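For reference, the chains in residue letters:
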Amino acid sequence: MPVLARTIEAAGIATVVVTMMPYWSSLYGVPRTLGVEFPFGQPFGMPKDDAGQRAVLRAALDLLENAAPGIIVAWDRPWPQPIEEARRTWHPPDPSPLIAYWLQQPDNPLRPR
Amino acid sequence: MEIDSFRYLPRSLERLYRDAVVAAVAKTPFTPLGKPLNQSRIALLTTAGIWDRTRDVGFDYAREKREPFWGDPSGRIIPAAIEGDNVGTGHLHINNLHIQSDLNIVLPLDRLRELVGQGIVGAIAKNHYSVMGYQGFPPHLAAWEHETIPHFIGQLRADKVDAVVLAPV
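Just so it is clear, the structure is predicted and the values come from calculations on it, not from any experiment.

### Points about the interface of chain B and chain A
Taken together, the contacts link 76 residues of chain B with 79 residues of chain A. Interface area, chain B with chain A, both sides summed: about 7000 Å², of which 69% is carbon and sulfur. Summed over the shared surface of chain B and chain A, the result is 3 salt bridges. On inspection of chain B and its partner chain A, the count reaches 27 residue pairs in polar contact (both at pLDDT 80 or more). Put simply, the parts of the chain that give the side of chain B that touches chain A at least two residues each are helix H1 (11-19), strand S1 (41-46), helix H2 (61-66), helix H3 (97-101), helix H4 (109-117), helix H5 (142-158) and strand S7 (163-167) of chain B. By residue number, the principal contributor to the side of chain B that touches chain A is H1 of chain B, which donates 8 residues. Residue composition of the side of chain B that touches chain A, by class: 49 nonpolar, 11 polar and 16 charged.

Structure, rendered in structure tokens:
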């Protein structure tokens with residue numbers, strides 16, 4: 001995602017990124033970032049939570065008007081589900097092809113060290 | 001509050017990410033929003049790998065299943081007026097059921113329209129954008145940089161878009 005924002009921004013169009021992994025923004029020089037501590041696949045919030053989604057979008061848009069280059073702002077409202085439930089339900093029904101491949105390898109890089 | 005980027009990842013994957021070698025990047029590009037938000041036209045971009053089933057084919061998830069180290073670098077344009085029933089999903093790294101129940105969690109078109117209605121945002125763009133966020137491991141970004149993103153930029157300019165809200169998944 002950093003390359004998407006950086007390339008569009010460099011073409012003269014302002015960008016803001018809403019992400020659950022602001023870690024990458026700090027490493028790759030993303031112009032404006034709103035970090036959300038949400039499970040993968042749901043950057044604007046829970047399905048049907050119109051008010052919550054609107055608030056996240058509004059916070060991102062505010063950064064377009066007011067933020068300095070490279071800013072990373074943390075969205076401070078917690079995810080409404082218990083952590084274990086959120087960790088379980090964001091995953092796809094089957095492991096992704098890469099994970100499935102690794103799990104079959106003797107030198108699986110996901111093995112505990 | 002500090003965001004824990006790895007809160008929802010298994011520890012094994014966190015280790016892989018943190019161990020990744022990061023190339024130094026050039027200066028952070030920056031384009032100020034040229035006008036107030038309430039006069040600006042806004043577009044959305046998601047990496048959820050969705051498409052409009054009435055006009056496009058889906059991303060090549062079958063090839064990714066055969067070649068796990070490859071991800072489809074193509075892009076799709078999503079019209080602002082898309083109906084929920086016409087949204088194709090298939091991203092192999094997230095649970096698409098959530099998107100199928102409410103597109104706004106990745107592409108908040110309805111929320112953006114509401115902000116336009118409230119006079120907070122000037123206008124919603126005619127077209128929005130989708131890519132498949134997984135670009136292989138390690139990621140191969142050349143096709144995005146040289147084909148997909150320039151195509152998007154051409155459409156953004158044609159639509160006179162002032163700013164883009166991007167949301168990876």
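So, next bit.
### Examining the nonpolar core
Core analysis: the largest hydrophobic core is formed by 64 residues, its most contacted members being Leu61 and Leu64 of chain A together with Ile42, Leu103 and Val165 of chain B. For this core, the elements supplying multiple residues, two or more each, are strand S1 (14-19), helix H3 (50-66) and helix H5 (97-103) of chain A together with H1, S1, H4 and S7 of chain B. The dominant element in this core, judged by the number of residues it contributes, is H3 of chain A, at 8 residues. Filtering out sequence-adjacent residues up to four positions away, Val165 of chain B remains in contact with Val16, Val18, Phe44, Leu57, Ala60 and Leu61 of chain A together with Ile42, Ala43, Leu44 and Leu45 of chain B. Core analysis: the second largest hydrophobic core is formed by 22 residues, Met1, Ile13 and Val30 of chain A together with Leu166 of chain B among them.

### Focus: the packing of helix H1 (residues 2-10) of chain A against H5 of chain B
Viewed as axis vectors pointing N to C, H1 of chain A and H5 of chain B meet at an angle of 50 degrees, and their least axial separation amounts to 10 Å. The angle between H1 of chain A and H5 of chain B falls in the class oblique. As for the relative orientation of H1 of chain A and H5 of chain B, their crossing is right-handed in sense. Of the residues in H5 of chain B, those in contact with Val3, Leu4, Thr7 and Ile8 of chain A of H1 of chain A are Trp144, Glu145, Ile149, Ile153 and Leu156 of chain B. By residue class, the composition of the contact of H1 of chain A with H5 of chain B is 7 nonpolar, 1 polar and 1 charged.

The rules behind these values
- Residues numbered from 1 in each chain as written.
- Chains lettered and ligands numbered in written order.
- Predicted model: local features only at pLDDT ≥ 70, side-chain atom pairs only at ≥ 80, totals over all residues.
- Heavy atoms only, no water.
- Contact = heavy atoms within 4.5 Å.
- Buried area = accessible area lost by both parts, 1.4 Å probe.
- Salt bridge = Lys/Arg side-chain N within 4 Å of Asp/Glu carboxyl O.
- Polar contact = N/O pair within 3.5 Å; in protein donor to acceptor, adjacent residues only side chain to side chain.
- Helix = DSSP H or I, 4+ residues; strand = E, 2+ residues; numbered from the N terminus.
- Nonpolar A, V, L, I, M, F, W, Y, C, P; charged D, E, K, R; others polar.
- Core = buried A, V, L, I, M, F, W, Y, C linked by side-chain atoms within 4.5 Å.
- Buried < 20%, exposed > 50% of the residue type's maximum accessible area, 1.4 Å probe, protein only.
- Axes fitted to C-alpha atoms, helices over the stretch in contact; angles between N-to-C directions.
- Parallel < 35°, antiparallel > 145°, perpendicular 65-115°, else oblique.
- Left-handed = near helix turned anticlockwise from the far one by under 90°.

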